[in-house]
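# Analysis of the macromolecular model
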Amino acid sequence: MQTPPEWGYFVPKDIRIGRRTIKTKVNDSILKELFSSSEMVSYLASQSLEQWQVEYAIMRAPISLEQKRDLFLSLGKEEATPFFVPKAQNIQRLLYETQLKQGEFLYLKCYEDNGEHFVLDENKLKPFLTWDRLFGCIREYLEDEKGEEISPYLFHAEKWSPDGKGELKNDYDFHILGTEICYADYYGSSRHLEKDYCSMNPDLNLPVPFHAGDIVTIDCRPAAPVSHVVILEVGDNWDCCCLQALGRGKDGRWKIGAVKHADFPPRRWPIFSPLYRITTFCGQLPEEERLLETVSRYIEGNEKKGAALWEAIHRFNFTEQRGWYNKGLSNRQLRKMLK
């Protein structure tokens, strides 16, 4: 597997230039609030993680801002040099910005999954003067989808404020999963935070307990339907591109990609990392994904065979004229490679 030259953006600058970083152990009670995957919880509890890895795991998790603040405070209780407590303070400042002042209002946007992508439902565009009324409206929408395990809706609340010049400005967008504010984007003067703090980001670099040949479940609902991939490489289990897999694209072709970069499922709407819910698959795969079982048996837990298959697929998708293009393989082409 070839690591792309732009890998460095995924690791904080302090790590890239070689500054010393502090490792920390995270107990499973904290990890259980972040990961619904019991395999990830038990494995990460046994690892010493870099502080920045823990920070990103909390910031980018599909949990409320309040939970993120409280987890940082919990981690900060026993640290000698403040690292996690300032993160909690940042989120508290962000929570302060959710409080509406005179002249401010919220504008709710509802996006619905139509099976291909998320579409703005213009019939659900509404302004609100209080969060209570906004969440009440969301609950009404969710009431219509009671049979769904996870809501097909994504909700965004724009915060609008007077700009002092007779117009309105939109400094903050709050992203809501269910009825919890989980992420925020802000565009005005960044008085307190860097602009991407607690924004939606599906990239997450953590070690994983999986091995070449494992078939795993990828669950990033509501961003995309549940799917499955087979692990081809784990590599050093540290680099952001090391966890390579093979999965079926929306076009029905078999494609390779980096799990930590959320190449699976296809990025219809990148919200959060698949690592939060990733689990070993047990059971019968859907008919269209059954070829994964053949790939798994072919690899037989041998990472060299998984890496060789990755290289073969990569070469197949590379041309001098076009360079790398992940067009994937048909069922017939993949079966031929496995012979």
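The shown structure was predicted, so the numbers you read here are calculated from the model rather than taken from an experiment. (Residues numbered from 1 in each chain as written. Predicted model: local features only at pLDDT ≥ 70, side-chain atom pairs only at ≥ 80, totals over all residues. Heavy atoms only, no water.)

## Quick look at the state of the cysteines
Spelled out, the test is: Here, the term disulfide refers to a pair of cysteine sulfur atoms separated by no more than 2.5 Å. Burial classes follow relative accessibility: with a 1.4 Å probe on protein chains only, a residue under 20% of its type's maximum area counts as buried, one over 50% as exposed, and anything between as partly exposed.
Scanning all chains against the criterion turns up zero disulfides. Left without a disulfide partner, C241 is nearest to the cysteine sulfur of C240, which lies 3.8 Å away. Of all cysteine sulfurs in the structure, the one in C240 sits closest to C242, which takes part in no disulfide; the separation is 8.0 Å. When its relative accessible area of 3% is taken as the criterion, C242 is described as buried.

## As for the packing of aromatic side chains
The criterion, for reference: A pair of Phe, Tyr and Trp rings is counted when the ring centres sit within 6.5 Å of each other, with Trp represented by its six-membered ring. The angle between the planes then sorts it: under 30 degrees is stacked, over 60 is edge-to-face, the rest tilted. Elements are defined by DSSP. Helices are runs of H or I of four residues or more, strands are runs of E of two residues or more, and each kind is numbered from the N terminus. When the NZ atom of lysine or the CZ atom of arginine is within 6 Å of a ring's centre and also within 35 degrees of its normal, the charge is said to sit over that ring.
Scanning the model with the defined rule gives twelve aromatic pairs in all. Between the aromatic rings of W52 and Y56, the centroid separation amounts to 5.9 Å while the plane-to-plane angle is 70°, which identifies the pairing as edge-to-face. With W52 and Y56 both in helix α4 (residues 51-59), this residue pair falls four residues apart, about one helical turn. Considered together, W52 and Y56 belong to a single accessibility category, that of buried residues. Look at Y172 and Y186: their rings are 5.3 Å apart centre to centre, the planes differ by 35°, and that puts the pair in the tilted class. Here Y186 lies in strand β8 (residues 180-186) and Y172 lies in strand β7 (residues 168-177), a separation of 14 residues in the sequence. In this pair, the class of Y172 matches that of Y186, namely buried. The rings of W131, F135, Y172, F174 and Y186 are connected pair by pair, giving a single aromatic cluster. Here the basic side chain of R60 rests over the ring of Y56, its NZ or CZ set 4.3 Å away from the ring centre. Taking the ring centre of F83 as reference, the NZ or CZ of K87 above it sits at 4.7 Å.

## Notes on the pairing of strand β3 (residues 105-113)
Rule in force here: Any two strands are treated as partners once DSSP identifies two or more bridges connecting them.
Two strands pair when backbone bridges link them, and β3 and strand β6 (residues 153-162) are joined in this way by eight bridges, in the antiparallel orientation. Among the inter-strand pairings, L108 is bridged to a residue of β6, identified as A157. As paired elements, β3 and strand β5 (residues 126-128) share three bridges and run antiparallel to each other. The residue of β5 that forms the bridge with Y107 is P127. With three bridges connecting them, β3 and strand β4 (residues 118-120) associate as antiparallel partners.

## Notes on the nonpolar core
Operational definition: Throughout this description, the term nonpolar core refers to a set of buried Ala, Val, Leu, Ile, Met, Phe, Trp, Tyr and Cys residues connected via side-chain atoms within 4.5 Å. Contacts were defined at the residue level, with two residues in contact if any of their heavy atoms lie within 4.5 Å.
Of all hydrophobic cores here, the largest spans 72 residues; its most connected members are F35, W131, L134, I176 and L275. When residues no more than four places from it in sequence are discounted, the contact partners of F35 are M40, V41, L44, L206, L275 and Y276. Among the nonpolar cores identified, the runner-up in size contains 18 residues, and I215, V230, L232 and W254 belong to it.

## Overview of helix α8 (residues 291-299)
Condition: As used here, the arc belongs to the directions running from the helix axis to the C-beta atoms.
Listed in full, the buried residues belonging to α8 are L291, L292, V295, S296 and I299. Each buried residue of α8 lies within a common arc of 145° when the element is viewed along its axis, so the set occupies one face. Elements that come into contact with the buried residues of α8 comprise β9 (215-218), β10 (227-233), β11 (244-248), β12 (254-258), α9 (303-316) and α10 (331-337). Count one or two residues on from α8 and you reach E300, which has phi positive near 55°.

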